[in-house]
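Fold and geometry: a report
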Amino acid sequence: MALRRNRIRFGAALLALALVAGACGGGGSNDKKVSSDKTTTSVESSDVTLDASSDTTVAGGLIGTTATTKKGAASATAKPGGGSSGTAGAPGTDPNAVPGPAKEGTYGYAQSGSTTDGPVPAAGTLVVSGGTTQLFKRYYDPNKSPLVLTYVFRDNGPYITAATITAKGASIICSFGNGVPVPPWPPTPGKTFSGTGNCSSPIGPMTATVAGSVTSRNGDLVGIDATVHAKNAANSVDVTLHDVEQWAISLRVPKSSHQTYEGTAFNQPISGDVTSTLTSTP
């Protein structure tokens, strides 16, 4: 029982980091299928709903969703741009062009701070793979499983549709239906985003809510301020994370981030304070 509690405590902390790490941004080894319950997401000037007939399939960490747009919903004003060539936000192009997928490869980050489990390593990585649907695998510790975010790049902006974490043999998988727009496009200061995800975990169902806003726009950098709250029905896990970051439009990854979290897991306090700065790109 003590080992299981330690696993879940560690997992709850990683879940909070996972949902904003690429929100700012390993699946388990067993393939699973999780039915997508009605999931709500909202963003200013957007009206999107989940196709209730669609499923979210988890296979080797890859999670995909099918999205539909309500009739009468506001459409994006920016024309698609960037594509897989990675030119969105480059000099001489429309600064509001919708970004395409990030360049595949490994991004390096300098890290500082600590969590309940101790100091974080001085260096971490983000491994990006895939086409229009991409996996962002964030390794805070090279000796541990990564935190995995699924990004879908659409013609109206990037969306986080799922988060998967594996820690000490325990996996937590969250589905956000159509996805949470992070950042909402175009990233106008003051624009907000929010979403609710349904999660499966070793202790049963959990929910994760995300809410945030675009705080600034300075050339290639977009300021994002987001809060994630993860909990289970019995309230034995209740964690809140706050993330402040600078997201690079041309790269589609965070250039820097400061994440703090606190809460309880099995009535044990957990907390963390981690700062990350991009040091290298593929």
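Located above this text is the structure these notes cover.
Anyway, here's the lowdown on the structure attached to this text.

Another point: the pairing of strand 10 (residues 133–139). Where strand 9 (residues 123–130) lies against strand 10, six bridges are found, and the strand directions are antiparallel. If you follow leucine 126 over to strand 10, its bridge partner there is arginine 138. Between strand 9 and strand 10, which pair antiparallel in sequence order, lie two residues. Taken together, the six bridges between strand 10 and strand 11 (residues 147–154) define a ladder with antiparallel strand orientation. When the bridges of strand 11 are listed, phenylalanine 136 appears paired with leucine 149.

With respect to the secondary-structure elements, serine 175 resides in strand 13 (residues 170–181). On the accessibility criterion, serine 175 (10% relative accessible area) is buried. Separated by 11 residues in sequence, serine 175 and threonine 164 have C-alpha atoms that sit 8.7 Å apart. Reaching out from serine 175, the side chain makes a polar contact with the backbone nitrogen of glycine 177 at a distance of 3.5 Å.

The next thing to look at is the packing of aromatic side chains. For the structure on display, the rule yields three aromatic pairs. Judged by centre distance (5.8 Å) and plane angle (25°), the rings of tyrosine 151 and phenylalanine 153 are stacked. No difference in accessibility class separates tyrosine 151 from phenylalanine 153, as the two residues are buried. Ring geometry for tryptophan 185 and tryptophan 247: centres 6.4 Å apart, planes at 70°, overall edge-to-face.

What counts, and at which threshold
- Residues numbered from 1 in each chain as written.
- Predicted model: local features only at pLDDT ≥ 70, side-chain atom pairs only at ≥ 80, totals over all residues.
- Heavy atoms only, no water.
- Pairing = 2+ DSSP bridges.
- Helix = DSSP H or I, 4+ residues; strand = E, 2+ residues; numbered from the N terminus.
- Buried < 20%, exposed > 50% of the residue type's maximum accessible area, 1.4 Å probe, protein only.
- Polar contact = N/O pair within 3.5 Å; in protein donor to acceptor, adjacent residues only side chain to side chain.
- Phe/Tyr/Trp six-rings, centres within 6.5 Å; stacked < 30°, edge-to-face > 60°.

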